[in-house]
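# Structural features, examined
Listed below are the residues making up each chain.
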Amino acid sequence: MKNPRIVCQFSCGAASAVATKLALAQYGETHDVQIINAFLANEHKDNRRFLADCQAWFGQEIVELRDEKYGADIIQVFRRERYMKGLRGAPCTKLLKRRLLDTWKNPGDVMVFGYTAEEADRLDDFRERNPDRPVVAPLIEMGLGKEDCKAMILRAGIQLPEMYLKGYDNANCIGCVKGGEGYFRAIREDFPVEFEELCKVQDELGPGSYLHRNRKTNERFSLRDLGDGPIRRNEALPACSFFCEIAEQVFVPSERPQQATQDIIASFR
Ligand code: SF4
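Conventions adopted
- Residues numbered from 1 in each chain as written.
- Predicted model: local features only at pLDDT ≥ 70, side-chain atom pairs only at ≥ 80, totals over all residues.
- Heavy atoms only, no water.
- pLDDT = per-residue confidence, 0-100.
- Contact = heavy atoms within 4.5 Å.
- Salt bridge = Lys/Arg side-chain N within 4 Å of Asp/Glu carboxyl O.
- Helix = DSSP H or I, 4+ residues; strand = E, 2+ residues; numbered from the N terminus.
- Buried < 20%, exposed > 50% of the residue type's maximum accessible area, 1.4 Å probe, protein only.
- Near = heavy atom within 4 Å.
- Nonpolar A, V, L, I, M, F, W, Y, C, P; charged D, E, K, R; others polar.
- Pairing = 2+ DSSP bridges.
- Disulfide = S-S within 2.5 Å.
- Patch = residues over 30% accessible without salt bridge, like charges linked within 9 Å, V, L, I, M, F, W, Y side chains within 5 Å.
- Areas by Shrake-Rupley, 256 points an atom, 1.4 Å probe, with all protein chains shown as cover.
- Lys, Arg positive; Asp, Glu negative; His and termini not counted.
- Charge placed at Lys NZ, Arg CZ, Asp CG, Glu CD.
- Axes fitted to C-alpha atoms, helices over the stretch in contact; angles between N-to-C directions.
- Parallel < 35°, antiparallel > 145°, perpendicular 65-115°, else oblique.
- Left-handed = near helix turned anticlockwise from the far one by under 90°.

As recorded in an unreviewed UniProt entry, the protein goes by the name Phosphoadenosine phosphosulfate reductase family protein, listed as coming from Pseudomonas helleri.

Now the structure itself:
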C-alpha cells in the first residue's frame, strides 16, 4: 500500500520550521512530504525572507497558497464577515488558512503539527477525539520547546523573523486578533498604522467586534479605548496554522523523546 502524504504547514515561525525539517528527515525518503504555507498580507514582510531561507534549508519547495476572495487580507475578512473573533474562533484563520487547506488536502494525509513541548499536554486528547485525523508532532516527540527551536534555527545560520527580533513570541499577523491587552499595547507602540487600521474596523463594526473586556465591569471595549498598562510583546498567543482550529482543542503530556527522532535531529545539527 502506498504511504500517505505527509503535510507540513510552514507558518513562518521557528517551531513550524523545525517541525518541518524533522519531518523531512524522518519521512523524506519514504513518503511524499509536502510543505505548504498560507500567504497573509498582514504578516511582517520579513516573514517572506524567513520562508525563502527555510526553503533553502529544507532543500525543497514550499508551496505557497494564497486566498483570492479576500485578497489574503484579514482586514477585508473582518469588514466583509462583520466580525473579528467569535465563539468558534477568528474568521481570518478559518477563511484565509483552513479553507485553503480544505481545497488542497487529500484523504489520508498525515498532518505535521508544529506544537512545541510547552504545548504538548493535549496531543493524546486530540488523537482520542479525532481518530480519523492522523497527525505527528515531532517537536513534542523530541521534547523540544520554543527556545530550542529558535536556537536550532540560529545554528542553521538563519536569522529569526523580524517579529521575534522585536521581542514578539510569534510571527503571526501584525495585530493578531488572538492577542490580549498587553500584546495590543505593544502593537500600538511598534506598528501604529496597522493598529489604527484595526481600530477603524472596530469603529465601523461596533461593540460586537471588540476583542477585550473590562475585568471589573465585564464590558467589552474597543482597541481605541485600550488604556495604558503593561506592554507584553512576548505574550504567548495561540498558534495560527491551517490546523490550529482543530489542534487548539487538544494537548497532552509529552512522551519521552524517541531515540529514532533523536538520531534524526542530531544528523542535521
Ligand atoms: S495570525 Fe491572528 S490575525 Fe492572522 S490569521 Fe491567524 S488568527 Fe487571524
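What follows continues from the structure just given.
## Some remarks on the confidence of the model for the protein
For the protein, per-residue confidence averages 88 on the pLDDT scale, and residues scoring 70 or more make up 88% of the total. Overall, residues 247–269 carries pLDDT values under 50, and its contacts beyond four positions in sequence, including any with other chains, amount to 57 contacts.

## Quick notes on the pattern of salt bridges
Throughout the structure, instances matching the rule amount to 18 salt bridges. Arg 215 is the partner of Glu 181 in a salt bridge, and the nearest nitrogen-oxygen pair spans 3.8 Å. Residue Glu 181 is found in helix α9 (residues 181–190), and its partner Arg 215 is found in the loop between β6 (212–213) and β7 (220–221); the two are separated by 34 residues along the sequence. Glu 181 sits in the buried class, given a relative accessible area of 14%. The structure contains a network of salt bridges with shared partners spanning Glu 43, Arg 48, Glu 64 and Arg 66.

## Brief notes about the site of the ligand
By nearness alone, every residue bordering the ligand is listed as Leu 40, Ile 74, Cys 92, Thr 93, Asn 172, Cys 173, Cys 176, Val 177, Lys 178 and Cys 240. Residue composition of the shell around the ligand, grouped by class: seven nonpolar, two polar and one charged.

## Description of the sheet that holds strand β3 (residues 63–65)
Strand order in the open sheet formed by five strands is β3-β2-β1-β4-β5, with parallel pairing between adjacent strands. What marks the edges here is a single partner per strand, and that holds for β3 and β5 (135–136). Sheet topology places strand β2 (residues 33–38) next to β3; three bridges connect them, and they run parallel. Paired with Asn 37 across the strands is Glu 64, a residue of β3.

## Concerning the state of the cysteines
Evaluated as defined, the whole model comprises zero disulfides. No disulfide involves Cys 54; its nearest neighbouring cysteine sulfur is the one of Cys 12, lying 7.8 Å away.

## A word on a positive patch on the surface
Where like charges cluster on the molecular surface, the positive patch consists of Lys 69, Arg 80, Arg 88, Lys 94 and Arg 99. Among the secondary structure elements, Arg 88 is positioned in the loop between α3 (74–81) and α4 (91–104). Take Arg 88: its relative accessible area is 80%, and that puts it in the exposed class.

## A short note on the packing of helix α1 (residues 14–27) against helix α2 (residues 46–58)
Where α1 contacts α2, the two axes come as close as 11 Å, and the packing angle between them is 15°. Between α1 and α2, the interaxial angle falls into the category roughly parallel. The handedness of the crossing between α1 and α2 is right-handed. Residues Ala 14, Ala 17, Val 18, Thr 20, Lys 21 and Leu 24 of α1 form the contact with α2, whose own contacting residues are Phe 50, Cys 54, Trp 57 and Phe 58.

## Describing the environment of Asn 234
For Asn 234, the position within the fold is in the loop between β7 and α11 (244–247). In sequence terms Asn 234 and Ala 186 are 48 residues apart; their C-alpha atoms lie 9.3 Å from each other. Setting aside its immediate chain neighbours within four residues, Asn 234 contacts Gly 167 and Asp 169.

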